[in-house]
Amino acid sequence: MELNSVKDGMDVQHGVTGSLPTGVDVLIAGAGPTGLALGIDLARRGVRALLVERQDRLSPGARGTGLQPRTQEVYDDLGLLDAIRAVGEPYPQVALWKDGRIAETHTMVERVDPTPAAPWSDTLMVPQFRTVQLLHERLSQLGGSVLLGTELTGFDQDADGVTARLRLPGGALHTVRAGYLVAADGGRSTVRRALGTKMSGPSLPAGAALLADLRIEGLDRDHWHRWMLPNGGWVMALPLAGTDYFQTLVAAFTDVPDATPEVVRAALARHTHLSAEQLGEVLWSSVYRPRAGMADTFRTGRVFLAGDAAHVHSPAGGQGLNTSVQDAYNLGWKLGQVLRHGAPDALLDTYETERRPIAARILETSTRLHTERSLRRGRDLHQLDIGYPDSPLTRELRTDLPEGALRAGDRAPDAPCHTPDGEPVRLFDSYRGPHFTLLALGGAAVDEAALPADPALLRVVRVGGPAPDLIDTDGHIRDAYGAGPAALLIRPDGYLALAAPAEDATEQVRAALATYLGEPAAQTR
């Protein structure tokens, strides 16, 4: 298959050093948020991954700025949330301008108080170029790298792997053999097209919008500014956290021929009270034309589609980047189990089984908000309620659960607690890392000698009982996970895989782990 790749670029160029590999476990095409998040997850699992990006710089532009609470939990597990939160801010109130003055203000992004179960409860505003930069830095810390200016020109796959052809900076050709190929190369994915995979979905109203990051003088940075247009369109200017720039959107429902700095400044001057003198340097700009769709399949043999390559959404609701990163988070641990721990290849089929319904749900939501021209962003968009109750990996063995109780397939909540010596910790501290976690609640008898011995695969955490690892000091674990004795197996991506009663818990855990582990990895202590 021969490819023609199209992606945008950024201002900072990174060099490539050292000899190029001829064989890797996973080849990732595209170094946006999806590809970088996957690269990080694989690197911490000891999986040899190679990221290639056609452009000679990382992705520019503020683009998708909203990081939902569930994505912040993912970044916490991947080890970069502190850096992300250090450069992010809550969204400010919207200021509606009329006749050259602010006529009213209102909240567009709902604020939600944190809880013990959800410590990061608000959507965080971080320019996408900053997110990409921090993801790249985290990947480098783990020993990974990105080959910039490197184009995937074609590939062939067989029963044992993928042979990919790369064009390096300067035009030299290089061939690399990979166990799997992951296409994270955007909505116009050339890998998807080469596979012949169709993308279908709803039709969005025709039109174009002008998106740009630029300096604006004389406009306060305490509001998200909005101007309404006579035809129902609007202009918005969001002060970007940690920068001197505003992200502007001109949705005038008219044709936009291009996105040159002159066109950007002229459009803003025409549709707002801002003068040409107030409109300064344009850092990045693009013409946005609404598209929505989902690939008919997310897996073809040894090739996977992730992020925008698998599903394209309207930006309404701020779901695209978040859904894409969580694609990577779902796929990463499964590739790690197959490549490093001998899990059956069928585990990789559950990537599509689990993520495609989620993409369909997000696609429906974002399309509805787009059609309604709604800019509202509430807690229903935080993605904390997303789970996999119908997955073949999910086993709920308890009976007579009360309504609203946590069930297998749900996201595993956080809970403040203490160690036996009184040190305050969070339940998320036990989950952080590439391993499974077994919560033995209420003194549930678990025979650790009958479980896999490698702590990189499984950690047993006892809550309560004669020899606890954690003390539920204020009852937050009980509130989140229930009061009765039980054995709960938490997946590496933070979802409850197995919920079993205390009776015969060890055998139930062993049976569940057999789905994820090959024979050598399943060896007991």
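Note: the structure precedes this text.
Let me sum up the structure you'll find in this document. (Residues numbered from 1 in each chain as written. Predicted model: local features only at pLDDT ≥ 70, side-chain atom pairs only at ≥ 80, totals over all residues. Heavy atoms only, no water.)

1. Details of the overall build of the protein chain
Along the backbone of the protein chain there are eleven helices and 28 strands. Its C-alpha atoms give the protein chain a radius of gyration of 24 Å, within 12% of the compact-globule value 24 Å for 525 residues. Its C-alpha atoms give the protein chain principal-axis dimensions of roughly 70 × 55 × 40 Å. In the protein chain, which comprises 525 residues, the share counted as buried stands at 56%. Element-wise, carbon and sulfur atoms account for 49% of the exposed surface of the protein chain, whose accessible area totals about 20,900 Å². Here the protein chain contributes 52 positive and 65 negative side-chain charges, whose respective centroids are spaced 4 Å apart. (Helix = DSSP H or I, 4+ residues; strand = E, 2+ residues; numbered from the N terminus. Rg over C-alpha atoms; globule rule 2.2 N^0.38 Å. Buried < 20%, exposed > 50% of the residue type's maximum accessible area, 1.4 Å probe, protein only. Areas by Shrake-Rupley, 256 points an atom, 1.4 Å probe, with all protein chains shown as cover. Lys, Arg positive; Asp, Glu negative; His and termini not counted. Charge placed at Lys NZ, Arg CZ, Asp CG, Glu CD.)

2. Some remarks on the pattern of salt bridges
This structure, assessed with the given rule, holds 29 salt bridges. Of the charged contacts, one joins Arg165 and Asp156 as a salt bridge, the two residues approaching to 2.8 Å between their closest N and O atoms. Note that Arg299 and Asp349 form a salt bridge whose closest N and O atoms lie 2.6 Å from each other. With a gap of 50 residues between them, Arg299 in strand β19 (residues 299-300) and Asp349 in helix α8 (residues 346-371) connect regions that are remote in the sequence. One network of salt bridges, with partners in common, ties together Asp76, Asp414, Arg426, Asp429 and Arg432. (Salt bridge = Lys/Arg side-chain N within 4 Å of Asp/Glu carboxyl O.)

3. What about helix α4 (residues 128-141)?
The end-to-end C-alpha separation of α4 is 20 Å, in line with the 20 Å expected for 14 residues at 1.5 Å each. Of the residues making up α4, those classed as buried are Gln128, Phe129, Thr131, Val132, Leu134, Leu135, His136, Arg138 and Leu139. (Expected span 1.5 Å × (residues − 1).)

4. Some thoughts on the side chain of Asn322
With respect to the helices, strands and loops of the structure, Asn322 is situated in helix α7 (residues 320-341). For Asn322, a relative accessible area of 0% translates into the label buried. Among the polar contacts listed, one links the side chain of Asn322 to the backbone oxygen of Gly66, at a separation of 2.9 Å. If sequence neighbours within four positions are ignored, Asn322 has contacts with Gly66, Leu67, Gln68, Thr71 and Gln383. (Polar contact = N/O pair within 3.5 Å; in protein donor to acceptor, adjacent residues only side chain to side chain. Contact = heavy atoms within 4.5 Å.)

5. Comments concerning the packing of aromatic side chains
Counted by the stated rule, this structure contains eleven aromatic pairs. The interplanar angle of 45° and the centroid separation of 6.1 Å between the aromatic rings of Phe298 and Tyr351 together place this pair among those described as tilted. You can see Phe298 sitting in the loop between β18 (293-295) and β19 and its partner Tyr351 sitting in helix α8, a full 53 residues away along the chain. Taken individually, Phe298 and Tyr351 each receive the classification buried, so the pair is uniform in this respect. (Phe/Tyr/Trp six-rings, centres within 6.5 Å; stacked < 30°, edge-to-face > 60°.)

6. Things to note about the sheet that holds strand β13 (residues 209-216)
Sheet architecture is open: seven strands sit in the order β6-β5-β14-β15-β16-β13-β17, paired in mixed fashion. The open sheet has two edge strands with one neighbour each: β6 (101-106) and β17 (279-288). Here the average twist between neighbouring strands, direction ignored, is 25°. Examined bridge by bridge, strand β5 (residues 93-98) and strand β14 (residues 223-228) share five bridges and lie parallel to one another. Note that in β14 the partner of Leu96 across the bridge is Arg226. (Pairing = 2+ DSSP bridges. Axes fitted to C-alpha atoms, helices over the stretch in contact; angles between N-to-C directions.)

7. Topic: the pairing of strand β25 (residues 436-441)
Along β25, six of the six residues are buried, which leaves the element largely enclosed by surrounding structure. Burial along β25 is two-sided: the residues Phe436, Leu438 and Ala440 and Thr437, Leu439 and Leu441 are all buried. Note that β25 and strand β26 (residues 458-463) share six bridges and pair parallel. Across the sheet, residue Leu439 finds its bridge partner in β26, namely Val461.

8. A short note on unusual backbone geometry
It is generally the case that most residues other than glycine have a negative phi and that most peptide bonds are trans. Positive phi is not limited to glycine here, since Arg63 has a value of about 45°. With a phi close to 55°, Asp400 is a non-glycine residue in the positive phi region. In this fold, Asp400 is placed in the loop between β22 (395-396) and β23 (416-418).

9. Re the environment of Asp220
Considering the arrangement of structural elements, one finds Asp220 in the loop between β13 and β14. Residue class for Asp220 comes out partly exposed when judged on its relative accessible area of 27%. Each C-alpha atom, one on Asp220 and one on Pro239, is 8.4 Å from the other, the two residues being 19 residues apart in sequence. At a separation of 2.8 Å, a polar atom in the side chain of Asp220 contacts the main-chain amide nitrogen of Asp222.

10. Re a positive patch on the surface
A contiguous patch of positive charge on the surface is contributed by Arg188, Arg193, Arg289 and Arg291. Along the chain, the position of Arg188 falls in the loop between β11 (173-183) and α5 (190-195). (Patch = residues over 30% accessible without salt bridge, like charges linked within 9 Å, V, L, I, M, F, W, Y side chains within 5 Å.)

11. Regarding the sheet that holds strand β7 (residues 124-125)
Read across the open sheet, the three strands follow the order β3-β7-β4; overall the sheet is antiparallel. In this open sheet, the two edge strands, each paired with only one partner strand, are β3 (66-67) and β4 (89-90). Where β4 and β7 come together, two bridges link them in antiparallel fashion. By the bridge assignment, Pro90 is partnered in β7 with Leu124.

12. Focus: the packing of helix α2 (residues 69-78) against α7
The contact between α2 and α7 brings their axes to 10 Å, and the two run at 40°. By the criterion of interaxial angle, the relationship of α2 to α7 is oblique. Judged by the twist between their axes, the crossing of α2 over α7 is left-handed. Together, Arg70, Thr71, Val74, Tyr75, Asp77 and Leu78 of α2 and Leu321, Asn322, Val325, Gln326 and Tyr329 of α7 make up the contact between the two elements. Among the residues making up the contact of α2 with α7, the classes are represented as six nonpolar, three polar and two charged. (Parallel < 35°, antiparallel > 145°, perpendicular 65-115°, else oblique. Left-handed = near helix turned anticlockwise from the far one by under 90°. Nonpolar A, V, L, I, M, F, W, Y, C, P; charged D, E, K, R; others polar.)

13. Some remarks on the side chain of Thr131
Mapped onto the elements, Thr131 comes out in helix α4. Here Thr131 is in contact with Leu67, Tyr75, Ile84 and Val126, once residues within four sequence places are set aside.

14. Re the packing of helix α1 (residues 33-43) against α4
Geometry of a packed helix pair, given as the angle between the helix axes and the separation of the axes. Following both chains from N to C, one finds α1 and α4 inclined at 20°, their axes separated by 9 Å at the closest point. Considering their axes alone, α1 and α4 lie roughly parallel with respect to each other. Crossing hand, α1 versus α4: left-handed. Within the contact between the two elements, α1 uses Pro33, Leu36, Ala37, Gly39, Ile40 and Ala43 and α4 uses Gln128, Val132, Leu135, His136, Arg138 and Leu139. Of the residues contributing to the contact of α1 with α4, the split by class is eight nonpolar, three polar and one charged.

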